[in-house]
Amino acid sequence: MMFQEGSVQLVCLTASSGVPLFTRGASRQLPFSVIGSLNGVHMFGSGQGVVLSSCETEGGGRVVWRVFQDSVMLIAVSASHQAGQGADSSKGEHLRLQRLLENVWSCMVMVLGQDELVNARNLERLKKDLRSCFSLIDELLEERRPGILGQLTHCADCLLPPQPSLLQEAVQGFTKAADSEFGCLLIHGRVAAATEMWWRLAPQEIVLLLALMRSLSDSGAASCDYPVFLPQGSPTVAHRLLRFQLLPGADVCVLCGPTPSLQGAESTLVCRFWSPLTDTLRNCLAVGEHCLPASVTLRPDVLAFLLIHRESHRSISCAPSPSCARPQSDPPSPSEARCWELLKLFYIFCTTRYFKQEEAEAAEEVEGGAHPENTEDFVRGFSHQPLKCYLVTDECKCFALQTPQHQLFLLTPLTAPTFALNTIAAQTLSSITAATSF
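The shown structure was predicted, so the numbers you read here are calculated from the model rather than taken from an experiment. (Residues numbered from 1 in each chain as written. Predicted model: local features only at pLDDT ≥ 70, side-chain atom pairs only at ≥ 80, totals over all residues. Heavy atoms only, no water.)

(A) How the structure looks around the packing of aromatic side chains. Evaluated as defined, the whole model comprises 10 aromatic pairs. Across the ring face of Phe134, the terminal group of Arg24 is positioned such that the distance to the ring centre comes to 4.2 Å. Over the ring of Trp199 we find Arg314, and its NZ or CZ is 3.9 Å from the ring centre. (Phe/Tyr/Trp six-rings, centres within 6.5 Å; stacked < 30°, edge-to-face > 60°. Lys NZ or Arg CZ within 6 Å of the ring centre and 35° of its normal.)

(B) Main features of the pairing of strand β10 (residues 234–247). Pairing of strand β9 (residues 223–230) with β10 involves 7 bridges; the strand directions are antiparallel. Along β10, the bridge assignment pairs Val228 with His239. Counting the residues that bridge the hairpin from β9 to β10 gives 3 residues. Where β10 meets strand β11 (residues 250–256), 7 bridges bridge the pair, whose relative direction is antiparallel. For Leu247, the partnering residue across the bridge sits in β11 and is Ala250. The antiparallel pairing of β10 with β11 creates a hairpin that spans 2 residues between the two strands, and Gly249 there sits at a positive phi of about 100°. (Pairing = 2+ DSSP bridges. Helix = DSSP H or I, 4+ residues; strand = E, 2+ residues; numbered from the N terminus.)

(C) The environment of Leu269, seen in detail. Structurally, the position occupied by Leu269 is in helix α10 (residues 262–274). A residue is classified by how much of its surface remains accessible, and Leu269, at 8% relative accessible area, is buried. In the structure, Leu269 is positioned 91 residues away from Ala178 in sequence and 7.7 Å away in space, judged by C-alpha atoms. Those residues within four positions of Leu269 in sequence are excluded, and the remaining contacts are Phe174, Ala177, Ala178 and Gly264. (Buried < 20%, exposed > 50% of the residue type's maximum accessible area, 1.4 Å probe, protein only. Contact = heavy atoms within 4.5 Å.)

(D) Up close: the state of the cysteines. Tallied over the full model, the rule gives 0 disulfides. Not engaged in a disulfide, the cysteine Cys224 finds its nearest cysteine sulfur in Cys253; these two sulfurs lie 9.1 Å apart. With a relative accessible area of 14%, Cys224 lands in the buried category. Looking at Cys318, it has no disulfide partner, and the nearest cysteine sulfur is the one in Cys291, 6.4 Å off. (Disulfide = S-S within 2.5 Å.)

(E) Broad picture of the sheet that holds strand β13 (residues 314–318). Spatially, 6 strands are ordered β6-β13-β12-β16-β15-β14 in an open sheet, and the strand pairing comes out mixed. Single-partner strands in this sheet number two, and they are β6 (156–157) and β14 (388–392). Judged from the 6 bridges that link them, strand β12 (residues 304–309) and strand β16 (residues 406–412) form a sheet pairing that is antiparallel. Each bridged residue has a counterpart across the sheet, and for Leu307 the counterpart in β16 is Leu408. Here helix α15 (residues 421–436) sits on the sheet in contact with β12, β13, β14, β15 (397–402) and β16, set at roughly 125° to β16. (Axes fitted to C-alpha atoms, helices over the stretch in contact; angles between N-to-C directions.)

In structure tokens:
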């Protein structure tokens, strides 16, 4: 079995009249006639009392439609997949595109506010305003950061720092001094510490706020004051997002009201709370893309893993470099970039077939509440939920397990014995949770 992902093009139109608002994604844009046809077939179905949500093309590509608030229609079109992948690829692609459309709509609400999208009176002005969403939408489409999986899992990407208590105290003190309860410290785009109220935001809101802060960080500004709407918590009233760069790769932010001013917070609060922790932040930055402190030792046969804390909707992921040279006779292991791609696709494989997800249930309700097409036939006949799953591909072996608290998705080399995958996964989960209390 081979995994493959296709490029995606996104089209945004008005739901009532089908006027194109923007197109993002693949370098070769869809012709206007094709966009009109995609809109027309959806409108024809609506007129006949049929909701057209997705279809598969003869070439193996996929088209997914979604209308939000009876005002905006988003269409995602994926490129063709390699022949022979059949239903497995189709099921995963459907989930991926549905999740993409949800995220794009929410980021439009986050930047412009729901009223601006639902009650637009001047379409030319709306088209112009939507340009401010493009950098964030492009990040969702292009998936520029391989190790950031939150937009797919709707779990906050986290980093486990070596001295969490010091950073937690600093975040709480800084946030309180800024007249806020919502504060967060990011290291390499991942959450290293956050206030309790920050974690009470909706999981998708946290994921998109992190994506927005990564996008703002890429702009090169040391600090910024950015108005944001919370798609679920406050879609019509804006908050201020204050972001400050502490060190390259380390950023702190708060969601607040009219006070404090950006200049006041930068000149007094940042130095007061974060200057004493410069060495601690550098130690945290040294953790890098591994997301784990040195106290966690992973087995050498772990190519990559994604660990989700189910209750808190937090996750950590890692694709560690090999700790020792492999024998030349061993099959070559996938590159780091390919490991991230395989990890995402294995997550999709498991959650569309075996591991029930709250987000997947919500998607099924939108599609009409019938038996989901992405569930294996034998699973429908049992009342229990599978706890473990494994898959052998042409490039690696995959194993997933879930407990009441966690879900772990693991990649190992082809040389790992299949009968040992359960042990490898159990030891990996135990090593991380015992050392970090994640």
